[in-house]
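An overview of the molecular structure
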Amino acid sequence: MPDQLIFAIEVFLNGLMAGVLYALVALGFVLIYKASGIFNYAQGVLALFAALTLVGIMEGQVPFSHLINAVFGTEIHNFGFHVPALLAIALTMVVMVVLAWLVNTLIFRHLVNQEPIILFMATIGLAYFLEGFGDIMWGADIKKLDVGLPQGINGFIDQITLDALGYGFFIDNLDLVATAVAALLVTALVIFAQYTRQGRAMRAVADDHQAALSVGISLNFIWVMVWSLAGFVALVAGIMWGTKSGVQFSLSLIALKALPVLMLGGFTSIPGAIVGGLIIGVGEKMFEFLIGPLVGGATENWFAYVLALLFLVFRPQGLFGEKIIERV
Amino acid sequence: MFYREAGDFKTSYVDDGQTFPIRFDRYRYYAVLVVAFAVVPFVINDYWVNSIFLPFLIYAIAAIGLNILTGYCGQVSLGTGGFMAVGAYACYKFMTGVDIWIGGEQYALPPINIFFSVILAGIVTAFVGMLFGLPSLRIKGFYLAVATLAAQFFLVWLFNKWEWSFNYSASGQINAPERGVFGVAVTGPNTHAWAAYLFCLVFLTILAIMARNLTRGSMGRKWMAIRDMDIAAEIIGVNPLRAKLSAFAVSSFYIGIAGALFFAVYLGAAEVGEAFGISKSFLVLFMVIVGGLGSVFGSFAGAAFLVLLPVLLKNVLVSGLGWPTDLAAHLEIMIVGGLIVTFLILEPHGLAQLWRVIKEKLRLWPFPH
């Protein structure tokens, strides 16, 4: 096989893996949008916050130490113990549930019945707030996150492709784990939504708030649950991205990358988020590989958006979105 | 007592259709103009101009522009930063003389006066805006908001890579050379604070009056019809293509001018990713929302609020309490975020609505029944 083709296949595979990571973030968006009609811009920051909290708990950092030191002139940083990864993840999940409850009680309960744009702006406000809050709570320096996930080149695939094609493919172990986790997560979410009591209640709320209310479903509970679920997805995404590129501010920007994924897949579709993620991941990597060198590179910054834009012109509701019916 | 229509008789159609029908409003408006043009330039210094007045004036222009698109026509845009970049780079090219290469030969236009450069930059941006506005005919709501992100990221990337746009400078930056109006420098390092202030103020005043009248006229009514329900608007005879594209064009014209002024007068030198990134888009959108959608006054109020807030917080936290600057910066975005949420909960229609409520109360004051 010619070298170019082999490279292209490798780029394609890496694109698929990157797409899975995008899809992980997009999933959180879809969950909240379906259940409450809120377009949650804060999802990326939620992932950052989750990752920061996880690292903070694992390292035994004192929360707000920077602030306390500045105000009281003390010098405290660490409690001096380390928490094992699994326990830390559980504790972080508790924090995310509390956060979900706070977000619902303090913000979105007061914004029921407002226009979608107002809700969207509120989530941007929330994103700003959480970004500052996370930094004040745990410090703004870049942190390493290691919960024991395998990292580095996968020797098995490398060896097989080397034998078969004479060129070893570089596939990161972490990406493989992410793929498995994403598959698991989606399956779990679908089972939850289809077969459990709470899941059905969630779908009822998504369908019609008032009808759901009238058959005795607690909107508040469902909303807190949905935000907690989104927090959980954010935690998973935060762990994956944090392990891959360190826990830092740029983590919150992956939310922006998830937006075109959503547009392609449709805001309301869980499979759409996955397929959209894969298309975007593969598309941008292939475009950068084939066309990028001709126009000066760094096309990954915008390709996903332009692709989504062109796609939407022909299919405004996305791949799997509900058909838009307009009436006067 | 003072704020009422009663006793203020209109005897001609011109009187009846004027911008501020209430006498008190009108006098207040004249007073603001007099203070802005005749008092402020004599008392301000560099610090006030650079940290408060210039950002306020320029962001107010951008906010009016975005308000026309989002508040009046209902098309949410997150591409403001990108369109500002178009304005800045177009202004830079016009200022330094546009060079065109045809068949290996270079033809260069002479540099154009800064005033006209800024206006031309606005016109160029209007065309770019219309181009990116085309999908709005098919895509609606949040899908459109995300689609405008394509404009944001693509344009920023373009001005990073396209060497012609920054005159092949090695650093990839654009630097505003010294240019003046009537022999008074308004760009470059030797600019006096008052000159820069007045230059921006003239633009803001003209554009604000234009916006106010556009939105009161038939064009503005068409935009609002599209905003309220586009299919219904189409049925009563509003051409959606024209209405939407004209909103994109006018809005981008304003935003382009804001971008040109932001680069040429305020910054002096700009690097596209840093000066016109996605955070600019959000900032201007915040201004529009906090100020009030569909209100020219709201754009002013929102711009003033979001320009003053960080200055105030910085002064209180860093100078007042002596906290480290990074901590203050974090606290600042936390407070900005918190305030925005609080605002949305307490007054989703923004500062402009607050002002409207006050006016209603003032009409009856001091006899509320």
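Please read all numbers here as calculations on a predicted model, not as lab measurements.

Cut-offs applied
What you see as residue numbers is a count from 1 along each chain, following the sequence as written. Labels follow written order: the first chain is A, the first ligand is 1, and so on. This being a predicted model, a pLDDT of at least 70 is required before a residue's local features are given, and a value of 80 or more before pairs of side-chain atoms are given or counted; all residues contribute to the totals for chains, interfaces and linings. Segments assigned H or I by DSSP are reported as helices when at least four residues long, segments assigned E as strands when at least two residues long, and all are numbered from the N terminus. The reference for a compact globule is 2.2 Å times residues^0.38; the radius of gyration itself is calculated from the C-alpha atoms. Exposure is read from a count of other C-beta atoms within 10 Å of each residue's own; the residue is exposed at 12 or fewer, buried at 20 or more and partly exposed in between. C-beta atoms are placed from the backbone. A pair of strands counts as paired when DSSP detects no fewer than two bridges linking them. Two residues qualify as being in contact provided that their C-beta atoms, derived from the backbone, are within 7 Å of each other. All domain edges in this entry derive from an automatic or database-based domain assignment. The term nonpolar core means buried Ala, Val, Leu, Ile, Met, Phe, Trp, Tyr and Cys residues held together as one set by C-beta atoms within 7 Å. Known as pLDDT, the predictor's per-residue confidence is scaled from 0 to 100. For every element, the axis is a line fit to its C-alpha atoms; helices are fit only across the contacting stretch, and the angle between N-to-C directions ranges from 0 to 180 degrees. Helix crossings get a hand from a simple test, with the near helix turned counterclockwise from the far one by less than a right angle marking a left-handed crossing and a clockwise turn marking a right-handed one. Residue count minus one, scaled by 1.5 Å, sets the expected span of a helix.

Right, let's get into the overall build of chain B. The helix and strand inventory of chain B stands at 15 helices and 6 strands. The C-alpha radius of gyration computed for chain B amounts to 21 Å, which stays within 12% of the reference 21 Å derived for 369 residues, consistent with globular compactness. The C-alpha extent of chain B, read off along each of the three principal axes, is 75 × 60 × 45 Å. Each of the 369 residues in chain B was classed as buried or not, and the buried ones make up 46%.

Next up on the list: the pairing of strand β2 (residues 105-108) of chain B. Residues and elements named next belong to chain B. Pairing geometry for strand β1 (residues 99-102) and β2, over 4 bridges, is antiparallel. Bridged to aspartate 99 within β2 is alanine 108. Here β1 hands over to β2 after 2 residues, with glycine 103 in that stretch at a positive phi of 55 degrees.

Below, the discussion takes up the environment of methionine 263 of chain A. Among the secondary structure elements, methionine 263 of chain A is positioned in helix α11 (residues 254-265). Taking the C-alpha atoms as reference points, methionine 263 of chain A and proline 316 of chain A, 53 residues apart in sequence, are found 8.7 Å from one another. Those residues in contact with methionine 263 of chain A that sit more than four places away from it in its chain are Ala308, Leu312 and Gly318 of chain A together with Tyr143 and Val146 of chain B.

Moving on, we get to the domain arrangement of chain B. Residues and elements named next belong to chain B. Here the domain parsing of chain B yields domain 1 (1-10 + 19-43) and domain 2 (49-277). Taking only C-alpha atoms, the centre of domain 1 and the centre of domain 2 are 30 Å apart. Listed as interface residues are 4 residues of domain 1 and, on the opposing side, 5 residues of domain 2.

So, about the nonpolar core. Across soluble globular proteins, you tend to see nonpolar side chains buried next to one another. If you look at the biggest cluster of nonpolar residues, it comprises 219 residues, and the most contacted ones within it are Ile61 and Leu261 of chain B. Of all the elements, helix α10 (residues 219-245) of chain A adds the most residues to this core, at 17 residues. Setting aside residues up to four positions removed in sequence, leucine 261 of chain B forms contacts with Ile58, Val118, Cys200, Phe203 and Tyr266 of chain B.

Okay, the confidence of the model for chain A next. Detailed conclusions should not be drawn from predicted coordinates in areas where pLDDT is low. Of the residues in chain A, 97% have a pLDDT of 70 or more, and the chain-wide mean is 81. Across chain A, the element-wise mean pLDDT spans from 72 in helix α6 (residues 155-165) of chain A up to 88 in helix α4 (residues 85-108) of chain A.

Here we come to the interface of chain A and chain B. With 42 residues of chain A in contact, the opposing surface of chain B contributes 37 residues. Secondary structure elements with two or more residues in the side of chain A that touches chain B: α3 (65-72), α5 (116-138), α11 and α14 (303-314) of chain A. With 15 residues, α5 of chain A is the largest single contributor of residues to the side of chain A that touches chain B.

This brings us to the environment of glycine 273 of chain B. All names here are of chain B. In this structure, glycine 273 sits in helix α11 (residues 272-275). Sequence separation between glycine 273 and phenylalanine 153 is 120 residues; the distance between their C-alpha atoms is 9.2 Å. Apart from the residues within four sequence positions on either side, glycine 273 is in contact with Val156 and Asn160.

Residues and elements named next belong to chain A. Contact geometry for helix α1 (residues 3-36) and helix α2 (residues 43-59): axes closest at 9 Å, N-to-C directions at 115 degrees. When the axes of α1 and α2 are compared, the crossing they make is right-handed. Across the interface between the two elements, Val25, Gly28 and Phe29 of α1 pack against Gln43, Gly44 and Ala47 of α2.

So, on to α5 of chain A. Residues and elements named next belong to chain A. If you check α5, its first and last C-alpha atoms are 32 Å apart, about what 23 residues at 1.5 Å a residue would give, namely 33 Å. Most of α5 sits out of view: 20 of its 23 residues are buried. Just downstream of α5, glycine 139 is the residue with a positive phi angle, here 90 degrees.

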